[in-house]
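Geometric and topological summary
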Amino acid sequence: MSTLRSPLRRRTVLAGGTAAGAGAAALVASSSAGASSAAAGTRYFKHGVASGDPEPNRVVIWTRVTPTEASTPGSGKGPKVQVAWEVAKDRDFRSVVRRGTFATSASRDHTVKLDVGGLKPATWYFYRFRFRGSVSRTGRMRTAPAARSTPGHLRFGVVSCANLQAGWFTAYRGLAKRDDLHAVLHLGDYLYEYGPGQYGYGSDNVDIRKHEPRHEMVSLADYRQRHAQYKRDADLQDLHAKYAWIITWDDHEVTNDQWKAGAENHTPGTGPGGEGGYAARRARAHRAYDEWMPVRMDATAALGDGSRLYRRLGFGQLAEISMLDLRTYRDQQVKTAAPTPVPALESEVNDPDRSILGRRQMRWLKESLSRKSPQWKIIGNPVMIAPVTFAAVPQELLAPINDVTGLLPDDGLPYNVDQWDGYTDDRREVLAHIRDHQIKDALFVTGDIHSGWACELPYDIGADPVVGDSAGVEFVCSSVTSNNLKDITGTPSRTTSVLVEQVILANNQHIKYLNFDDHGFSVLDITAKRAQMDWFIIGDRADRRTTVRHTASFATRTGTGKVTRVEWPVGQAVR
Amino acid sequence: MCELPSCSPGDTPFAAGLAEIRAGRRTVLKAGGAGVAFSTAAGALGAASASAAPPGTRKRAYVLVIDGCRPEEIDSGLTPNLAALRGGGLRFPRASSMPVMETIPNHVMMMTGMRPDRTGVPANAIYDRKLGETRTMDRASDIKVDTVIERLNRKGYRTGTVLSKEYLYGVFGDRATARWEPAPIIPISGHAPDHFTMRAALSMVEELDPHLMFVNLGDIDRFGHSDFTGTTVRVARKLALVDTDLLVGRFVDMLKSTGRWEHSIVIVLADHSMDWSRPDRVISLQASMDDDALLGGKVAISANGGADLLYWTGPASQRTQAVKRMREIALATPGVLSAPRRTDQWLRLGPEAGDVVVFCKAGWRFSDPNPITDNPIPGNHGHPATRAIPFFIGGGHPRVPSRRASSAHAKTVDIAPTIASFFSAGTPRRGWHGTARL
């Protein structure tokens, strides 16, 4: 998302936050290790283990080996080595079902990533790696249910927007403490490109932790080092080790507000401050991403065979997840800087020649929505699709709201041109497709905007208050750490934001929940009867030991496209 | 005297039924005290009673078709009885009507368990190449295959049809051992109001106690078709939902109060849903076809609300070229969603459906051949925007799971195999197209 680095005054009191003493629902996320001892294999396996993209018979597993002291990430140094791997049904590896070796070298930054096949559906497996007698920590993963099965429920952790400089990853820790998930959905902004002091904690951009390398990532070595730094975070390692992840990227995996041929935070050329050609920079970012993330790109775990990240993952007849890539193929965002006149702005965002998906991905998304097998069509959606309109928001709040969400141009117009509101013809086409085929249970799960939302998707926002027909539902998770409204305004939680939230809710009857204040994670639970999203929030991001608690739950009953508040979160939450 | 349908002279289904009765081929049974008339083939009930009673004869299956109901309408708060029935049993949130999403073909699919390429009934209206004109598929002889009704009859079960619409009465003919003779009939809609249909259903259960009863409740569909507030607030439609729901509640109450509930399954579904269009969103393809050099005068169109069936009537040698051209013209027409070849395997429509099937987008309708007069009604179905349906199985029989939902894709064609499975009535030699859902 847009990350304008606001000069606004930092608030003075941040400690305490919202977490402590939250009553029966209070959840304490300790900093203890996750699925297995984090100390295991730290000599050679410093970056943990991970798995991702679970299918009924295969899952991608990942690690990074450091064969010599000199073989630091991005160094290009170190020998070609063989790393052994094994997958077992039990944590003690008495029942190994698959094993092998994987050759890696400096050419791939000594990452190990392979697609393990021959597994059974809906089954927990354990995996680990060996190198020179040292054993990595053990990871755990669950295969997806068989294609024709009808699982009773599916449960996913949902996260996005984890800026290491802005705080500790308590949200990851909270999810890692749970034992009731099947996988984790990450909607993008897994890491940030900025150097220290550029985008940190609050309006003063204080770095709770400093990024490495100590400058904006531009080169391949930069991207590799930044990925490596994030993978050294203990909370992140624990969550990767605990569950398979299903991930897409947003903009910061390359750089802020990227589009198909450029980005807001990219200076082309070789002159002063120049960062070279954008296509080359993006290719380097994608290369590092392919090396360091447990995802299939172009449907394989192999490197260098393509960078298509949009893909489908089936979970029996209950659900299918279609992960979108809303950066690589999109046209440039509409310029919103004054003095752009209102009519011109409006016509540009509605221009049918502009696309956020690209034509090929649009066809693919419509296929995903039309597929007959899954009941729930879950769309992993990096930026918000629900329309957001405004009548009157206090002028003094326009800048901070924009800083967080990009929702409001300075003249108060109702557009965030970086999300689907800036590409309305694509949204119209998607919603028309849903309506033309009477597609039920389309569920967009979204990140990016550093705030929690539960929305219906009206076909016609003008007629919505009377007609109330909805194409589906959108649930938006908050950020793991990235700044939200109260962080920018420097005001206490539930003060300034409440007014803004009420204005937005009053002007958008299809929006049922909005929380501009908190960071955290969500849990999405899917059954044949309903889909429910629980929002959990953390205390102060600067406090490594801060607490986690449940704050809100909303559900949509199957077939309705409507959102209703739910009293309690699903399952037994974090202990 | 029993009250018989008031039908105009001619070859209508009701007139044909009346003629059968007058000729003595069917016997009129007076049931209940409200003048509800049932008929049966002469001696049929006696034959069923005399046959060897199959095991499990306390079992009862009731299929209630809430004609044209949209699945989300059960969540509207207007239908508490339907919602309770759905919530207490086994529901299929992902359920759909099958092409063409019209009343007759989907009722036929329900009772045959087969798609139109075997049933011979692809739409409400077809162009009959032998007759050289379009006609409604309301003849009993239009169904080319065995129905589950007849399958149960042969095994000695009693069956009953309570069908509110004249063309359903016609197409299912005298297949059931007992048939309601609908009355009174609303002349324009050609259907009996649900109040009378439900009264007949209650009487049939109490007086004749069929093992299988197949009921069509037509009000929600009929009020939907004519609801000129359909694109917005749907006033008439909502009133019909409330009324029909009360009648379903009365039916369930009867089953419970008479001790039948514990032995029964009650399958509730729709045959299709409903979509509404404004007067300015009407598609008419006939003129475009006639204006084309290749197609002019050689394309017949059978309009089915949200779907047009296009028939090439020219030389067979030009059929391939003509199909290509028909599709080109259709796809270039505003409001058209798709124009698949009838032979596309996924449609499974059979030759009665012509050569090209044209579907409209949501919010549109077809009016052919005359763009003004042939389809003035705002509510329509037949197109993909009307395929989602409610589908759930209630009842107290132990085979009905309690408060369950399944993500399996249920379809109208699943009804016959479900009923056959419930009664252990076997499967057709060439199998079902549908799947048993219990």
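Here the structure is a predicted model, which is why all the values come from computation and not from measurement.

Cut-offs and rules
- Residues numbered from 1 in each chain as written.
- Chains lettered and ligands numbered in written order.
- Predicted model: local features only at pLDDT ≥ 70, side-chain atom pairs only at ≥ 80, totals over all residues.
- Heavy atoms only, no water.
- Helix = DSSP H or I, 4+ residues; strand = E, 2+ residues; numbered from the N terminus.
- Polar contact = N/O pair within 3.5 Å; in protein donor to acceptor, adjacent residues only side chain to side chain.
- Contact = heavy atoms within 4.5 Å.
- Phe/Tyr/Trp six-rings, centres within 6.5 Å; stacked < 30°, edge-to-face > 60°.
- Buried < 20%, exposed > 50% of the residue type's maximum accessible area, 1.4 Å probe, protein only.
- Disulfide = S-S within 2.5 Å.
- Pairing = 2+ DSSP bridges.
- Axes fitted to C-alpha atoms, helices over the stretch in contact; angles between N-to-C directions.
- Parallel < 35°, antiparallel > 145°, perpendicular 65-115°, else oblique.
- Left-handed = near helix turned anticlockwise from the far one by under 90°.
- pLDDT = per-residue confidence, 0-100.
- Salt bridge = Lys/Arg side-chain N within 4 Å of Asp/Glu carboxyl O.
- Core = buried A, V, L, I, M, F, W, Y, C linked by side-chain atoms within 4.5 Å.

**A word on the side chain of A:Gln532**
Residues and elements named next belong to chain A. Here Gln532 lies in strand 23 (residues 530–538). Here the side chain of Gln532 touches Asp534 through a polar contact of 2.7 Å, side chain to side chain. Contacts of Gln532, omitting those with residues within four sequence positions, involve Val523, Leu524, Asp525, Ser553, Phe554, Ala555, Val566, Trp568, Pro569 and Val570.

**Describing the packing of aromatic side chains**
Residues and elements named next belong to chain A. A complete count under the given rule lists 27 aromatic pairs over all chains for this structure. With 6.0 Å between their ring centres and 35° between their planes, Phe169 and Tyr230 make a pair best called tilted. With Phe169 in the loop between strand 10 (154–159) and helix 1 (170–176) and Tyr230 in helix 2 (residues 220–231), the pair connects residues that are 61 residues apart, well separated along the chain. We note that Phe169, like Tyr230, is buried. Between the aromatic rings of Phe475 and Trp535, the centroid separation amounts to 5.9 Å while the plane-to-plane angle is 90°, which identifies the pairing as edge-to-face. In this pair, Phe475 is assigned in strand 20 (residues 470–476) and Trp535 in strand 23, connecting sequence segments 60 residues apart. Residue classification places Phe475 among the buried residues on the basis of a relative accessible area of 0%.

**Considerations on the state of the cysteines**
All names here are of chain A. This structure, assessed with the given rule, holds zero disulfides over all chains. Counting only cysteine sulfurs, Cys161 is the nearest neighbor of Cys477, a cysteine outside any disulfide, at a range of 6.9 Å. Cys477 gets classed as buried once you look at its relative accessible area, which sits at 0%.

**What about the sheet that holds strand 14 (residues 299–304) of chain B?**
Residues and elements named next belong to chain B. Taken together, four strands build an open sheet; the order of strands is 14-15-17-16 and the sheet is antiparallel. Looking at the sheet topology across the chains shown, the edges are occupied by strand 14 and strand 16 (336–338). In this sheet, neighbouring strand axes are inclined to one another by 30° on average, regardless of whether the strands run parallel or antiparallel.

**Brief notes about the sheet that holds strand 20 of chain A**
All names here are of chain A. Spatial strand order, 15-16-17-18-20-19-21: seven strands in an open sheet with mixed pairing. Looking at the sheet topology across the chains shown, the edges are occupied by strand 15 (311–315) and strand 21 (511–515). The mean inter-strand angle of the sheet, taken between neighbouring strand axes irrespective of direction, is 20°. Examined bridge by bridge, strand 17 (residues 376–381) and strand 18 (residues 442–446) share five bridges and lie parallel to one another. Residue pairing across strands places Ile379 opposite Phe444, the latter belonging to strand 18. Sheet strands touched by helix 11 (residues 496–507): strand 19 (452–458) and strand 21. Its angle to strand 21, the strand with the most contacts, is close to 165°.

**Quick look at the environment of A:Trp364**
All names here are of chain A. Its place among the elements puts Trp364 in helix 6 (residues 359–370). Expressed as a C-alpha distance, the spacing of Trp364 and Ser322, which sit 42 residues apart in the sequence, is 9.4 Å. In this view, Trp364 contacts Tyr310, Arg311, Arg312, Ser322, Met323 and Leu324; residues no more than four positions away in its chain are not counted.

**What about the packing of helix 6 of chain A against helix 8 (residues 424–436) of chain A?**
All names here are of chain A. Where helix 6 contacts helix 8, the axes come no closer than 10 Å and their chain directions differ by 25°. It follows from the interaxial angle that helix 6 and helix 8 lie roughly parallel. Of the two elements, helix 6 crosses helix 8, and the hand of that crossing is right-handed. Across the interface between the two elements, Arg359, Met362, Leu365, Lys366, Leu369 and Ser370 from helix 6 touch Asp426, Glu429, Val430, His433 and Ile434 from helix 8.

**A word on the confidence of the model for chain A**
All names here are of chain A. For chain A, per-residue confidence averages 87 on the pLDDT scale, and 85% of positions sit at 70 or higher. Counting interchain partners and residues more than four positions distant, the pLDDT-below-50 stretch residues 4–38 has 87 contacts. Across residues 409–414, where pLDDT falls below 50, the model places 18 contacts with residues more than four positions away in sequence or in other chains.

**Side note on the pattern of salt bridges**
As enumerated under the stated definition, the model contains 64 salt bridges over all chains in all. Salt-bridge contacts for A:Arg435 lead to A:Asp469; the nearest nitrogen and oxygen are separated by 3.9 Å. Here A:Asp469 lies in the loop between helix 9 (464–467) and strand 20 and A:Arg435 lies in helix 8, a separation of 34 residues in the sequence. Note that B:Arg348 is salt-bridged to B:Asp117, the shortest N-O span being 3.0 Å. With B:Arg348 in the loop between strand 16 and strand 17 (356–360) and B:Asp117 in helix 5 (residues 116–119), this pair connects stretches of sequence that are 231 residues apart. Note on B:Asp117: relative accessible area 31%, which makes it partly exposed. Members of the salt-bridge network, linked through shared partners, are A:Arg64, A:Asp109, A:Arg224, A:Arg287 and A:Glu291.

**A look at the nonpolar core**
Core analysis: the biggest nonpolar cluster contains 95 residues, and B:Val63, B:Met111, B:Phe172, B:Phe251 and B:Ile419 have the highest contact counts within it. Looking at this core, the element that brings in the most residues is helix 10 (residues 235–257) of chain B, giving eight residues. Setting aside its immediate chain neighbours within four residues, B:Ile419 contacts B:Val63, B:Met111, B:Val148, B:Leu152, B:Leu212 and B:Ile267. By size, the runner-up hydrophobic cluster in this structure holds 42 residues, among which are A:Tyr172, A:Tyr190, A:Trp249 and A:Val295.

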